[in-house]
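Inside the fold
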Amino acid sequence: MPHYTGPLLIRDTAQALLDARDRGARAWTGSLDLGRSDGEARLDAAQWHWRGTAYPYPEPPRERTIHWFDGDDWAVVSRYAGSLIKLVPTPWGAPTFEIDGIKMLPTSKESPLDDARRKVALVQPHGKAVLDTCGGLGYFAACCLDAGVARILSFEKNDSVLWLRTLNPWSPDPDAATSGGRLPLGHDDVSQAIASLPDASFDALLHDPPRFGIAGELYSQAFYDQLARVLRRGGSLFHYTGTPNRLTSGRDVPREVARRLEKAGFRAQPALDGVLAQRR
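An account of the accompanying structure is given in this report. (Residues numbered from 1 in each chain as written. Predicted model: local features only at pLDDT ≥ 70, side-chain atom pairs only at ≥ 80, totals over all residues. Heavy atoms only, no water.)

Let us now look at the pairing of strand S3 (residues 39-43). Pairing of strand S2 (residues 27-30) with S3, which is carried by four bridges, proceeds in the antiparallel orientation. Opposite Trp 28, over in S3, you have Ala 41 as the bridge partner. Examined bridge by bridge, S3 and strand S4 (residues 47-50) share two bridges and lie antiparallel to one another. From the neighbouring strand, Arg 42 faces S4, where its bridge partner is His 49. Where S3 folds back on S4, the antiparallel hairpin that results is connected by three residues. (Pairing = 2+ DSSP bridges. Helix = DSSP H or I, 4+ residues; strand = E, 2+ residues; numbered from the N terminus.)

Next comes the structure, spelled out in structure tokens:
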């Protein structure tokens, strides 16, 4: 899917454009790609221009929404296909996304991209072949590319999440020159696709599944056995778990995950907000 190259507006950005127009300014300088870069917009009374294209002035977006220009008007970056999936701005620039109002990436203390960077560093991807089981917005993949990964195979089964990636300037584009062909992105359910991957074909694994209630199959013993099969001996796995249900039921998901990984042939220990494991 081609990546969108037009402007993205959040409430503060749209209001700044409108305020500059109302002051009679002929130009406004700021970010129109969620903090990825700064640029200049030329302002006329009826429309504004950016990168050679004219756009109508927007109504200020609601809080916690991002708008894109769909060719006719400004639209919220969201889709409904059984669940409402929405790109959501953060104070850090790089956005998160929500499914039915549930935030999919941690953003309370740092950028979701910085959070991904710390986790990716645990598996030391430089020069390695890496499997990224649940690609999401692609932040694990972006960090691996920046760290000099040899190849990162990423899977994402949700059409709407793949669409969000094409609108998010912080998501890596598999076809971009900067990716250098190192990021094949499969539109597949990894719980099924993994069976077709060769034995010991990866040096490291990154597993960031949705919560257990949504994708229990990605926490199963059968799936962990497959992860062990495709990872070479001595290879590393980081598995995000968070701590769901700990306060309400006392359930210790990281400990449960570690036990299953041990049974599959890993040495596992808690790390950050998940489990770090090594293939025995």
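Next comes the rest of the write-up.
For the rest of this paragraph, the subject is the sheet that holds strand S11 (residues 102-103). Here we have four strands laid out as an open sheet, ordered S8-S9-S10-S11, and antiparallel in their pairing. With partners counted over all chains shown, the strands left at the sheet margins are strand S8 (78-80) and S11, one partner each. Summarising the sheet, strand S10 (residues 96-99) and S11 pair through two bridges and their orientation is antiparallel. Looking at S11, one finds that Glu 98 is bridged to Lys 103.

With that out of the way, let us pick up the pairing of strand S13 (residues 151-155). When you tally the buried positions in S13, you get four out of five residues, the bulk of the element. In this sheet, S13 lies alongside strand S12 (residues 129-132) in parallel orientation, the contact comprising four bridges. Bridge pairing in S13 links Val 130 to Ile 152. As a crossover connection, the stretch from S12 through helix H3 (residues 139-146) into S13 is right-handed. Pairing between S13 and strand S14 (residues 185-186): two bridges, direction parallel. (Buried < 20%, exposed > 50% of the residue type's maximum accessible area, 1.4 Å probe, protein only. Right-handed = clockwise from strand over helix to strand, strands pointing away.)

These figures come from the coordinates and say nothing about function on their own.
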